Amino acid sequence: MEHLDFEVLPDRILGMQRLEALFNQNGYIICQSSGERVYKFDEIVAIFLPLGPEHDQVMAVHSDYAAEFMQNCNTLLVYMT
């Protein structure tokens, strides 16, 4: 299970720290699913999309849209492979 790979974990922590820094700087994060501004950090879900074997892209999504966003991403990944 790649999500438990301890070599990738520090990069994911850095991704979360950058997301939090951006939130603190702006006071909000744009939801990648709805395009809406999210003003409460605890309502943000960080989704890591694989770009390659060692790289992920962190996406900020409102918790209300996270499950649907992941389902759409999984469908997209199936079409890509």
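Everything discussed here concerns the structure shown above.
From a predicted model like this one, the values you see are computed outputs, not experimental measurements. (Residues numbered from 1 in each chain as written. Predicted model: local features only at pLDDT ≥ 70, side-chain atom pairs only at ≥ 80, totals over all residues. Heavy atoms only, no water.)

Enquirer: Hey, could you go over the overall build of the chain for me, with residue numbers and the actual values?
Expert: For the chain, the count of helices and strands is two helices and four strands. Each helix (α) and strand (β) of the chain, taken in turn from the N terminus, gives the series α-β-β-β-β-α. Expressed as a percentage of the 81 residues in the chain, the buried residues total 22%. Taking the contacts inside the chain whose residues are at least 6 apart along the sequence as the reference set, 36% of them involve residues at least 24 apart. Just so you have it, the chain exposes about 6,000 Å², and 55% of that area is on carbon and sulfur atoms. (Helix = DSSP H or I, 4+ residues; strand = E, 2+ residues; numbered from the N terminus. Buried < 20%, exposed > 50% of the residue type's maximum accessible area, 1.4 Å probe, protein only. Contact = heavy atoms within 4.5 Å. Areas by Shrake-Rupley, 256 points an atom, 1.4 Å probe, with all protein chains shown as cover.)

Enquirer: Tell me what's going on with the nonpolar core, and back it up with residues and numbers.
Expert: Ile29, Ile44, Ile47, Val61 and Phe69 are the most contacted members of the largest nonpolar core, which totals 14 residues. Elements that contribute at least two residues to this core include exactly α1 (9–26), β3 (44–50), β4 (56–62) and α2 (66–80). Residues in contact with Ile47, not counting those within four places in the same chain, are Gln57, Val58, Met59, Val61, Ala66, Phe69 and Met70. (Core = buried A, V, L, I, M, F, W, Y, C linked by side-chain atoms within 4.5 Å.)

Enquirer: Give me the lowdown on the environment of Glu36, citing residues and values where you can.
Expert: You can see Glu36 is positioned in the loop between β1 (29–30) and β2 (37–38). Sequence separation between Glu36 and His62 is 26 residues; the distance between their C-alpha atoms is 8.5 Å. If we skip the residues at most four places from it in the chain, Glu36 touches Ile29, Ile30, Cys31 and Tyr65. A polar contact of 3.4 Å, which involves the side chain of Glu36, links it to the side chain of Tyr65. (Polar contact = N/O pair within 3.5 Å; in protein donor to acceptor, adjacent residues only side chain to side chain.)

Enquirer: Report on the pairing of β3, specifying residues and quantitative values.
Expert: Put simply, side chains in a regular strand alternate between the two faces of the sheet. Where β3 and β4 come together, seven bridges link them in antiparallel fashion. Bridge pairing links Leu49 to Gln57 in β4. Taken together, β3 and the strand that follows it, β4, pair antiparallel across an intervening segment of five residues. (Pairing = 2+ DSSP bridges.)

Enquirer: Mind laying out the side chain of His62, listing which residues take part and the relevant values?
Expert: The residue His62 is located in strand β4 in this model. Since its relative accessible area comes to 11%, His62 is described here as buried. In terms of polar contacts, His62 uses its side chain to reach the side chain of Glu43, at 3.0 Å. With residues near it in sequence (within four places) discarded, His62 still touches Cys31, Val38 and Glu43.

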